[in-house]
Each structure stands twice: as C-alpha cells, then as structure tokens.
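Spelled out from the first residue to the last, the chains are:
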Amino acid sequence: GAFTEKQEALVSSSFEAFKQNIPHLSILFYTLILEKAPAAKGLFSFLKDSDGVPQDNPKVKAHAEKVFELTRDSAAQLRAKGEVVLPDAISKHLGSVHAEKGVTDPQFVVVKEALLKTINEAVGDKWSEELSAAWGIAYDELAAAIKKAMS
Ligand code: HEM
Ligand code: ISQ
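Keep in mind that what you see is a predicted model, and the values were worked out from it rather than measured.

S.K.: So what's going on with the packing of aromatic side chains? Residues and values would help.
M.R.: Counted under the stated rule, the structure contains seven aromatic pairs. Ring geometry for Phe-29 and Phe-68: centres 4.8 Å apart, planes at 65°, overall edge-to-face. Within this pair, whereas Phe-29 is found in helix α2 (residues 22–36), its partner Phe-68 is found in helix α3 (residues 58–81), the two being separated by 39 residues in sequence. Look at Phe-29 and you get buried, because its relative accessible area is 3%. Residue classification places Phe-68 among the buried positions, given a relative accessible area of 0%.

S.K.: Any details on the site of ligand 1? Residues and values, ideally.
M.R.: Close to ligand 1 lie 22 residues; Ser-45, His-93, His-98, Gln-107 and Tyr-139 are nearest. Side-chain polar atom of Ser-45 to an oxygen atom of ligand 1: 2.7 Å apart, as the coordinates give it. Between a nitrogen atom of ligand 1 and a side-chain N or O atom of His-98, the distance comes to 2.8 Å. Structurally, ligand 1 is housed in the largest pocket.

S.K.: With reference to specific residues and values, describe the layout of surface pockets.
M.R.: Taken as a whole, the largest pocket holds about 1,000 Å³ of empty space. The wall of the largest pocket is formed by 38 residues, among which Phe-44, His-63, Val-67, Leu-94 and His-98 lie closest to the centre. Among the elements of the structure, α2, α3, α4 (88–101), α5 (105–123) and α6 (129–150) are those that each provide at least two residues to the lining of the largest pocket. For the lining of the largest pocket, the element with the highest residue contribution is α3, accounting for 10 residues. Every residue lining the second largest pocket is listed: Glu-83, Val-84, Val-85, Leu-86, Ser-91, Glu-141, Ala-144, Ala-145, Lys-148 and Ala-149.

S.K.: Just give me the short version of the packing of α2 against α5, but keep the residues and values in it.
M.R.: Here α2 crosses α5 at 145°, and the two axes come no closer than 9 Å. Regarding α2 and α5, the two cross each other, and that crossing is right-handed. Along its contact with α2, which presents His-24, Leu-25, Leu-28, Phe-29, Leu-32, Ile-33 and Lys-36, the element α5 presents Val-110, Val-111, Glu-113, Ala-114, Leu-115, Lys-117, Thr-118, Glu-121 and Ala-122. In terms of residue class, the contact of α2 with α5 is built from 10 nonpolar, two polar and four charged.

S.K.: An account of the coordination of the iron atom of ligand 1 is needed here, citing residue identities and associated values.
M.R.: Just one protein atom donates to the iron atom of ligand 1; it is His-98 (NE2), sitting 2.0 Å from the metal. Note that His-98 resides in helix α4.

S.K.: Can you break down the pattern of salt bridges residue by residue, with the values?
M.R.: Under the counting rule described, the total for this entry stands at 10 salt bridges. Residue Arg-79 is joined to Glu-5 by a salt bridge in which the shortest nitrogen-to-oxygen separation is 2.8 Å. With Arg-79 in helix α3 and Glu-5 in helix α1 (residues 5–19), this pair connects stretches of sequence that are 74 residues apart. Using a relative accessible area of 53% as the deciding quantity, one classes Glu-5 as exposed. The salt bridge involving Lys-66 is made with Glu-69; its shortest N-O contact spans 3.7 Å.

S.K.: How would you sum up the environment of Glu-69? Please name residues and give values.
M.R.: Following the sequence through the fold, Glu-69 ends up in helix α3. Judged by its relative accessible area of 24%, Glu-69 is partly exposed.

What counts, and at which threshold
Residues numbered from 1 in each chain as written. Chains lettered and ligands numbered in written order. Predicted model: local features only at pLDDT ≥ 70, side-chain atom pairs only at ≥ 80, totals over all residues. Heavy atoms only, no water. Phe/Tyr/Trp six-rings, centres within 6.5 Å; stacked < 30°, edge-to-face > 60°. Helix = DSSP H or I, 4+ residues; strand = E, 2+ residues; numbered from the N terminus. Buried < 20%, exposed > 50% of the residue type's maximum accessible area, 1.4 Å probe, protein only. Near = heavy atom within 4 Å. Polar contact = N/O pair within 3.5 Å; in protein donor to acceptor, adjacent residues only side chain to side chain. 1 Å grid on protein atoms, 1.4 Å probe; cavity = no way out; pocket = protein on both sides within 12 Å on 5 of 7 lines; lining within 4 Å. Sits in = over half its atoms within 2 Å of the grid points. Points joined across faces, edges and corners; volume = space filled by probe spheres on them. Axes fitted to C-alpha atoms, helices over the stretch in contact; angles between N-to-C directions. Left-handed = near helix turned anticlockwise from the far one by under 90°. Contact = heavy atoms within 4.5 Å. Nonpolar A, V, L, I, M, F, W, Y, C, P; charged D, E, K, R; others polar. Donors = N, O, S within 2.8 Å, 3.2 Å for Na, K, Ca; no water. Salt bridge = Lys/Arg side-chain N within 4 Å of Asp/Glu carboxyl O.

See the structure below:
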C-alpha cells in the first residue's frame, strides 16, 4: 500500500523528538550498531582511532543526524510520490562512499535495527508498532536506493 499522511506525520514528529536530544541519541545509535557489528568500527574514520564512541565530537553527532534526516526525507518522498529518488549527486556520493567501505546487506539490517531502537528511545511512551513500521519502510526504501547506487 501507499505511504500515508499519518505515517509521514509519525516519522516527522519523532524526528523532531530525536533532534531534541542528539548528544545522547547519536551515541546510543553508534553503540547499538557497534554491539551488533563490531567490525563496522574500523570503517568510520571518526571512530576507528578512539576507545568506544567519542562523546563530544561534532562530526560524530552530525553524521548520525544525517542518517535520520535522510530517512525522514524518504518518508516525505514516499508519501508525495510513492518512491525514494535521491538527487543524482547524492546518490553517486552515497553509493561510492558505502561501496568503498565495503558495506554489506547484513550491516544494513543492523543499522535499521539500531535506528528503530534509537527512535523508540527518542519517543518514549509515544512509541507504537505503527510508528516503528513507518520508519522501517522509509529506511528500507532509502537503503534500496543506496544499494542500487553502490552496484
Ligand atoms: C557514510 C548515510 C547505511 C557505514 C555515510 C554518510 C551518510 C550515510 C549521509 C556520509 C557521507 C559523507 O561523508 O558525505 C547512510 C544511510 C544508510 C547508511 C542513509 C542507510 C539507509 C550504512 C551502513 C553502514 C554504513 C549499513 C555499515 C556499517 C558508513 C561508513 C561511512 C558512511 C563507514 C563513512 C564514514 C566516514 O566518513 O568515515 N552514510 N548510511 N552506512 N556510512 Fe552510511
Ligand atoms: C553513516 N552511515 C550509517 C550509519 C551511521 C551511523 C552513524 C553515523 C554515520 C553513519
């Protein structure tokens, strides 16, 4: 079925909740990724030389926010036109960055689960299956666009 206005609204409002607490939530996001995919640590230029996840590095926070922002934008696109189309330059850039790092399909699943858990933490008792499913669909469509650009 089509991505509904309600689903888009759920994603947008919880993205705003995420933005209220980026210092905590961005660290949580990396921590969840590295718990499930320890090998990913060496792929991130701003993580590979530190113990754990650096707490006060602006790059660390900005990169994490970007992933959530792109997923929110994907939800808006799915609602508006039923598909995720990345601007050509962004598609080429994300495709080449992830291909060069050798990112795998299982790692895309790890990042998805970490993103959903982080949103869960951001919204607290406003969490619902419907909210989680809306983020999951937006992420899957965005991941598909990136994987296509990687190949
Ligand atoms: C870089 C988004 C999936 C690992 C990036 C960048 C963005 C991004 C925006 C920054 C590109 C730049 O430097 O300008 C996304 C989105 C994903 C996704 C939206 C899923 C829908 C993954 C997965 C992995 C991964 C599954 C595997 C662990 C990396 C790495 C970098 C990167 C290692 C380079 C970081 C550095 O600068 O050292 N990603 N990503 N990404 N991503 Fe992803
Ligand atoms: C880039 N790609 C995937 C996941 C990420 C997590 C945190 C920061 C940057 C990322």
